[in-house]
Amino acid sequence: MPKDPDIPHPFIKGRGSEFCRGCNGGNLFSALNLGDLPIANELLRSQTSKIEKYPLHLRICPECSLGQVADVVTPERIFRDYRYLSSISSTFLKHASTYVEQRIEEGMFSSGDWVLEIASNDGYLLKNFLDLNIKAIGIEPAENVAEVSRSLGISTISEFFTSHLAIKIFEIHGYPKLIIANNVMAHVPDLVDFIRGLSYLCGPETQISIENPSLANILIGMQFDTIYHEHYSYMSAYAVSKLSKMCGLHLSKVEELVIHGGSIRYWLCKSKADNITHASVGEVIESEISNGLFDPLKWEAYSEKVGLILNNFLLWLQTTKLASGKIYGYGAAAKASTILNSIDIEPGLLTAIADASLEKQTRFMPPNGTEIISPQELFSEEPTDVIIFPWNIKSEIASFLKDNLQSHTRLWCVIPNMHEVTK
Ligand SMILES: [Zn+2]
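Model, not experiment: these values are computed from the prediction.

Visitor: Would you mind going over the overall build of the protein with me for this structure?
Guide: Per the secondary structure count, the protein includes 13 helices and 18 strands. For 423 residues, the compact-globule estimate of 2.2 N^0.38 gives 22 Å, and the protein sits close to it at 22 Å. Looking at the protein as a whole, 56% of its 423 residues are labelled buried. Put simply, 70% of the contacts in the protein that link residues at least 6 apart link residues at least 24 apart. Here the protein has roughly 18,000 Å² of accessible surface; of this, 52% comes from carbon and sulfur atoms. The centroid of the 36 positive side-chain charges in the protein is displaced by 1 Å from the centroid of its 49 negative side-chain charges.

Following this line, the structure appears as structure tokens:
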């Protein structure tokens, strides 16, 4: 197994929500309390199914700046039967193929190099490496999703990534040239063990590329609907820099991306005395501090603003319904669940939510058991108004809806504030 005597182990697990899951500090401050909500991706099997609710409270650690919610729901419950397939979005597919093209243009790979992707989903990214005859291994704990990836010929391990699994992978395959971990760190309760696992697998020539929505976008872009139980941690460049250093890794560069409404790509490598840090790291951290990302007063004002947005949305639903509106939603995503369960919505205000996923079409969305229908059913219902919940791909969805709905149907987004989507 790889040895790294510099990796510290100062972390105590299982200390509940009062302690930071990054640095174990105990002075977390409240950033946004959304109250008790159902698990966002857990759709109901019948309209009358019992809804289990759990506290959803974003707190921030003033020591390492990590945003976090208490791990009241285990990853096993959330991710063993996951219904989210990345390939469903053409935006994500394009993002993945462009990423791979960039690595090839840089000349990253030599003969024998291989790529590891953690949370490889249905293989939407790794299939690009496979097409170039570059060995790729995926890790995807959701067995039903891993099967899709394997059907494309991608070697896929169906387990959660831990430091233990990292050692097993190293013993069989050695160090990868590239480790990709996109939109997964937020989902890991034991974040330090995860980063330690990355450190075990990071050889002298390994590059680690991590993409994650930024805490800054939750604050600045009012993206509070990306807070849900399965997102245990909310990253910033400052937090990634600090936590990586604790585990023997070095944050060498950050890239700001437009995907998912604003994400950051973090580049990590093994800590060495001669590590070079790109100017982007300092620039992004400075902007995080100047935007008040770690300031409790800034978050207090933010909480009030979120309350106003939710009230405005509810008022809009009520007045539109009164004016004989036929209001539907599009995208039965976790974002929709956070918003609909954060307001006191009466049954029937939202007629149904359309979603392209066949699995979701057999389920119902809390709190009122709102029916999930197919896009074709939505088109035949002739709605007056459609709310697009996945605002991160709103252009893609709006263009699809406009091609299929009557021209007078209005399209809306709730985030960052209720607005009509005109293109
Ligand atoms: Zn901390």
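Visitor: Can you walk me through the coordination of the zinc ion in this structure?
Guide: As a benchmark, a tetrahedral metal site with four donors has ideal angles of 109.5 degrees, while an octahedral site with six donors has ideal angles of 90 or 180 degrees. Protein ligation of the zinc ion involves C20 (SG), C23 (SG), C61 (SG) and C64 (SG), the donor distances falling in the range 2.3 to 2.4 Å. Viewed at the metal, the 4 donor atoms of the zinc ion are separated by angles of 98 to 117°, and the geometry they form is tetrahedral. When the donors of the zinc ion are listed by position in the chain, the intervening gaps give C-x2-C-x37-C-x2-C. Residue C20 is found in the segment before strand 1 (29-38), and its partner C64 is found in the loop between strand 2 (53-60) and strand 3 (67-68); the two are separated by 44 residues along the sequence. Taking relative accessible area as the criterion, C20 reaches 3% and is therefore assigned buried. Residue classification places C64 among the buried residues on the basis of a relative accessible area of 0%.

Visitor: What is the right way to read the side chain of H229 from this model?
Guide: Residue placement: H229 occurs in the loop between helix 7 (215-220) and strand 9 (233-234). With a relative accessible area of 2%, H229 lands in the buried category. At 3.0 Å, the side chain of H229 and the backbone oxygen of Y54 are in polar contact. At 3.2 Å, the side chain of H229 and the backbone oxygen of P55 are in polar contact. Aside from chain neighbours lying at most four places away, what touches H229 is L37, P38, I39, Y54, P55, L56, V69, V72 and V73.

Visitor: Looking at this model, I keep getting lost on the sheet that holds strand 1. Mind explaining?
Guide: Strand-to-strand pairing in sheets goes through backbone hydrogen bonds, with the strands running parallel or antiparallel. Ordered in space as 1-2-3-9, the 4 strands form an open sheet in which the pairing is antiparallel. In this open sheet, the two edge strands, each paired with only one partner strand, are strand 1 and strand 9. One ladder, built from 2 bridges, connects strand 3 with strand 9; its direction is antiparallel. Within strand 9, the position partnered with Q68 by the bridge is S233. Seen against the sheet, helix 10 (residues 296-322) touches strand 1 and strand 2 and runs at an angle of roughly 35° to strand 1.

Visitor: Help me out: how do you make sense of the packing of helix 8 (residues 237-246) against helix 9 (residues 279-290) in this one?
Guide: The axes of two packed helices give the description: the angle between them and the distance between them. Running from amino to carboxyl end, helix 8 crosses helix 9 at an angle of 120°, the nearest separation of the two axes being 8 Å. In terms of axis orientation, helix 8 runs oblique to helix 9. Here A237, Y238 and S241 of helix 8 come into contact with helix 9, specifically with V284, I285 and E288. For the contact of helix 8 with helix 9, a count of residues per class yields 4 nonpolar, 1 polar and 1 charged.

Visitor: Hey, could you run me through the packing of helix 5 (residues 163-173) against helix 6 (residues 191-201) in this one?
Guide: Two numbers describe how helix 5 lies on helix 6: the axes approach to 7 Å, and their chain directions differ by 15°. It follows from the interaxial angle that helix 5 and helix 6 lie roughly parallel. As helix 5 packs across helix 6, the resulting crossing turns out to be right-handed. For the pair helix 5 and helix 6, the contacting residues are S163, A166, I167, I169 and F170 in the first and D193, G197, Y200 and L201 in the second. Counted by class, the contact of helix 5 with helix 6 contains 6 nonpolar, 2 polar and 1 charged residues.

Visitor: Honestly, the nonpolar core in this entry has me stumped. Any pointers?
Guide: For soluble globular proteins, nonpolar side chains are generally found buried alongside one another. F129, I227, W299, F313, L378, I387 and L401 are the most contacted members of the largest nonpolar core, which has 83 residues in total. Among residues more than four places away in sequence, those in contact with I387 are F313, W316, L317, I327, Y328, G329, Y330, L350, W412 and V414. Among the nonpolar cores identified, the runner-up in size contains 47 residues, and I139, C202, L249 and Y266 belong to it.

Visitor: Honestly, unusual backbone geometry in this entry has me stumped. Any pointers?
Guide: Residues apart from glycine generally show negative phi values, whereas peptide bonds are mostly found in trans. In this structure, P367 follows P366 across a cis peptide bond, with omega equal to 10°. Following the sequence through the fold, P367 ends up in the loop between strand 14 (364-365) and strand 15 (370-373). We note that S65 has phi near 75°; this positive angle belongs to a residue other than glycine. For N133, which is not glycine, the phi dihedral falls at a positive 60°.

Visitor: For this particular structure, what's the right way to read a negative patch on the surface?
Guide: On the surface, E371, E377, E381 and E382 cluster together into a negatively charged patch. In this structure, E377 sits in helix 12 (residues 375-381).

Visitor: Help me out: how do you make sense of the packing of aromatic side chains in this one?
Guide: Given two aromatic rings, one states the distance between the centres and the angle between the planes to describe the pair. Across all of its chains, the model carries 8 aromatic pairs by this definition. Pairing F109 with F129 gives two aromatic rings, centres 5.6 Å apart and planes at 80°, and the pair type is edge-to-face. Note that F109 is positioned in the loop between helix 2 (90-105) and strand 4 (114-118) and F129 in helix 3 (residues 126-131), a separation of 20 residues in sequence. The exposure classification of F109 matches that of F129, with both residues buried. With a centroid separation of 5.2 Å and 75° between ring planes, the pair formed by F161 and F194 is classed as edge-to-face. With F161 in the loop between strand 6 (155-157) and helix 5 and F194 in helix 6, this pair connects stretches of sequence that are 33 residues apart. Of the residues examined, F161 reaches a relative accessible area of 7% and is grouped as buried. Ring pairs connect the aromatic residues Y330, F379 and F400, which therefore count as one cluster. Lying over the aromatic face of Y99, R103 brings its terminal NZ or CZ to 4.7 Å of the ring centre. The ring of W391 is capped by K335, whose NZ or CZ atom sits 5.2 Å from the centre of that ring.

The rules behind these values
Residue indices follow the written sequence of each chain, beginning from 1 at its first position. Totals for whole chains, interfaces and linings use every residue, but because this is a predicted model, local features are given only for residues with pLDDT of at least 70 and side-chain atom pairs only at 80 or more, for both listing and counting. Side-chain metrics in this entry use all non-hydrogen atoms of the structure; hydrogen atoms and water are not considered. Runs of E in the DSSP output that reach at least two residues are strands. Runs of H or I that reach at least four are helices, and both are numbered from the N terminus. Our radius of gyration is a C-alpha quantity, and the globule rule it is checked against amounts to 2.2 Å times the number of residues to the power 0.38. Residue burial is assigned from relative accessible area. The probe radius is 1.4 Å, only protein chains are included, and a residue is buried under 20% of its type maximum, exposed over 50%, and partly exposed in between. Should any heavy atoms of two residues lie within 4.5 Å, those residues are considered in contact. Only the protein chains shown count as cover for residues, with accessible areas throughout obtained via the Shrake-Rupley method and a probe of 1.4 Å. We score Asp and Glu as negative and Lys and Arg as positive, and we do not count His or the chain ends. Here the site of a charge means atom NZ of a Lys, CZ of an Arg, CG of an Asp or CD of a Glu. Donor atoms (N, O, S) are those found within 2.8 Å of the metal centre, with the cutoff raised to 3.2 Å for Na, K and Ca; water is not part of the atom list, so apparent gaps in a site can occur. Metal sites are grouped by the angles between bound donors: all angles between 85 and 135 degrees with four donors is tetrahedral, opposite donors over 155 degrees apart with the others between 65 and 115 is square planar for four donors and octahedral for six, and any other pattern is irregular. Here a polar contact is taken to be a pair of N or O atoms separated by no more than 3.5 Å, where protein atoms must pair a possible hydrogen donor with a possible acceptor and residues adjacent in sequence count only if both atoms sit in side chains. Strand pairing requires that DSSP identify at least two bridges connecting the strands. In this description, a line fitted to the C-alpha atoms serves as the axis of each element, helices being fitted only across the stretch in contact, and the angle between N-to-C directions of two axes falls anywhere from 0 to 180 degrees. By definition in this entry, angles of less than 35 degrees are roughly parallel, angles greater than 145 are roughly antiparallel, angles of 65 to 115 are roughly perpendicular, and the rest are oblique. For this classification, Asp, Glu, Lys and Arg are treated as charged, while Ala, Val, Leu, Ile, Met, Phe, Trp, Tyr, Cys and Pro are nonpolar and the rest, including Gly, are polar. By definition, turning the near helix anticlockwise from the far helix through less than a right angle yields a left-handed crossing, and turning it clockwise yields a right-handed one. In this text, buried Ala, Val, Leu, Ile, Met, Phe, Trp, Tyr and Cys residues form a nonpolar core when linked through side-chain atoms within 4.5 Å. Residues enter a patch when their relative accessible area is above 30% and they make no salt bridge; the linking distance is 9 Å between like charges and 5 Å between nonpolar side chains (Val, Leu, Ile, Met, Phe, Trp, Tyr). Whenever Lys or Arg places a side-chain nitrogen within 4 Å of a carboxyl oxygen from Asp or Glu, that contact is recorded as a salt bridge. In this analysis, rings of Phe, Tyr and Trp, with Trp reduced to its six-membered ring, are considered paired at centre separations within 6.5 Å, and the interplanar angle assigns stacked below 30 degrees, edge-to-face beyond 60, and tilted for intermediate values. For a ring to carry a charge above it, either NZ of a lysine or CZ of an arginine must fall within 6 Å of the ring centroid while also lying within 35 degrees of the normal to the ring plane.

Spatial relationships are all this shows, so hold off on functional conclusions.
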